[in-house]
Amino acid sequence: MKLHESVIGDSEPDLAFCHGLFGQGKNWTRIAKALTPAHTSLLLDMPNHGRSPWTDSVDYAAWADLVAEQLRRYAPVDLIGHSMGGKIAMQVALRHPDLVRRLVVVDISPVDYRGLTSFTRYVEGMQDIDLDSLTSRGDADDLLAQRVRSGVIRGFLLQNLRRDKDHWRWQMNLQLLGAHLDDLGGWPPTEATFDRPVLWVAGANSDYIQPGYREAMRRLFPKVRSVTIKGAGHWVHSEQPEAFVAVLQKFLGDTAED
């Protein structure tokens, strides 16, 4: 199973990005372009998202293995993952440490979040849209607004809505992902550790990184350093892109010899 990928830059990729739930690799385009020409970035669509194939189950270890196979021809790379993609990236580093030079985990922790996220509301809003009677993307936005008040989040979700001639469809595997939000919020137990540099980035206005989660993070990633970006919620790199790029560049520069 080959994941969909795109490359930003003119050389062999040295960075790879994993997006979050309901996202796509292209969500990292602005960040990747800001890092050129010093870096070339590989933007991956995660399983069941974007133009990547669908799977029959939600399994972070299996998904991480799919990402690892995609990275193998470029490795080692610096791997950056946000939210769900951060969990996948952590699993790649723990299961395939030879492929990862440095790891950046954005606004997620290696803990179980079951029942603690707002994504259930997003799923219900998307499932409420009758695709057979839908006439326009604007109508879809109006329907989604009944459950999702933020126009920014609605725009993020509706990037997954595609029209094939007269038929609308969700590009991601909404049925699987929506039915397994608890599994997506979980974290598979592991005794592995990753003994290379790790940057743990939090949004100051987000609840996904808590003081109580630090022990779990340090146990798995002993060389972790943490940064909190002001004025950002869960989508740190979208809400504060300049600050995020600056933090990323500093980490990559400071750990160049590690």
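Read on for an overview of the structure. (Residues numbered from 1 in each chain as written. Predicted model: local features only at pLDDT ≥ 70, side-chain atom pairs only at ≥ 80, totals over all residues. Heavy atoms only, no water.)

1. Some thoughts on the nonpolar core
For soluble globular proteins, nonpolar side chains are generally found buried alongside one another.
Part 1: If you look at the biggest cluster of nonpolar residues, it comprises 70 residues, and the most contacted ones within it are Phe 22, Leu 103 and Phe 221.
Part 2: Setting aside its immediate chain neighbours within four residues, Leu 103 contacts Leu 79, Ala 89, Met 90, Ala 93, Phe 194, Pro 197, Val 198, Leu 199, Phe 221 and Phe 251.
Part 3: Judged by nonpolar contacts, the second largest core, of 22 residues, contains Ile 8, Trp 28, Val 106 and Val 201. (Core = buried A, V, L, I, M, F, W, Y, C linked by side-chain atoms within 4.5 Å. Buried < 20%, exposed > 50% of the residue type's maximum accessible area, 1.4 Å probe, protein only. Contact = heavy atoms within 4.5 Å.)

2. Some remarks on the side chain of Gln 24
Part 1: Residue position: Gln 24 is located in the loop between strand 2 (15–18) and helix 1 (29–34).
Part 2: Gln 24 sits in the buried class, given a relative accessible area of 4%.
Part 3: Within polar-contact distance, the side chain of Gln 24 engages the backbone oxygen of Gln 159 at 3.4 Å.
Part 4: The contacts of Gln 24, once residues within four sequence positions are left out, are His 19, Asp 45, Gly 50, Gln 159, Asn 160, Arg 162 and Gln 171. (Helix = DSSP H or I, 4+ residues; strand = E, 2+ residues; numbered from the N terminus. Polar contact = N/O pair within 3.5 Å; in protein donor to acceptor, adjacent residues only side chain to side chain.)

3. Some remarks on the pattern of salt bridges
Part 1: Inspection of the entire model under this criterion finds 14 salt bridges.
Part 2: A salt bridge links Arg 95 to Asp 65; the nearest nitrogen and oxygen atoms lie 2.9 Å apart. Highlighted residues: Arg 95 in helix 3 (residues 84–95) and Asp 65 in helix 2 (residues 60–71), separated in sequence by 30 residues.
Part 3: Taking the relative accessible area as the measure of exposure, Arg 95 reaches 42% and is therefore partly exposed.
Part 4: When its relative accessible area of 26% is taken as the criterion, Asp 65 is described as partly exposed.
Part 5: In this structure, Arg 101 engages Asp 78 in a salt bridge whose closest nitrogen and oxygen atoms are separated by 3.1 Å. (Salt bridge = Lys/Arg side-chain N within 4 Å of Asp/Glu carboxyl O.)

4. Things to note about the environment of Gln 171
Part 1: As for its placement among the helices and strands, Gln 171 is situated in the loop between strand 7 (167–170) and helix 7 (174–179).
Part 2: Between the C-alpha atoms of Gln 171 and Leu 161, which are 10 residues apart in sequence, the distance is 6.1 Å.
Part 3: Discounting residues that sit within four places of it in the chain, Gln 171 has contacts with Gln 24, Gly 50, Arg 51, Trp 54, Asn 160 and Arg 162.

5. Here we look at the sheet that holds strand 8 (residues 198–203)
Part 1: An order of 1-3-2-4-5-8-9 is seen for the seven strands of this open sheet, with the pairing classed as mixed. Sheet topology places strand 1 (5–8) and strand 9 (224–229) at the edges, where each strand pairs with a single neighbour. Shown here is a sheet whose adjacent strand axes are inclined to one another by a mean of 20°, direction ignored.
Part 2: The pairing of strand 2 with strand 3 (residues 41–44) spans four bridges and is classified as parallel. By the bridge assignment for strand 3, Leu 15 is matched with Ser 41.
Part 3: Lying on the sheet, helix 2 is in contact with strand 1, strand 2, strand 3 and strand 4 (77–82); it crosses strand 3 at an angle near 145°. (Pairing = 2+ DSSP bridges. Axes fitted to C-alpha atoms, helices over the stretch in contact; angles between N-to-C directions.)

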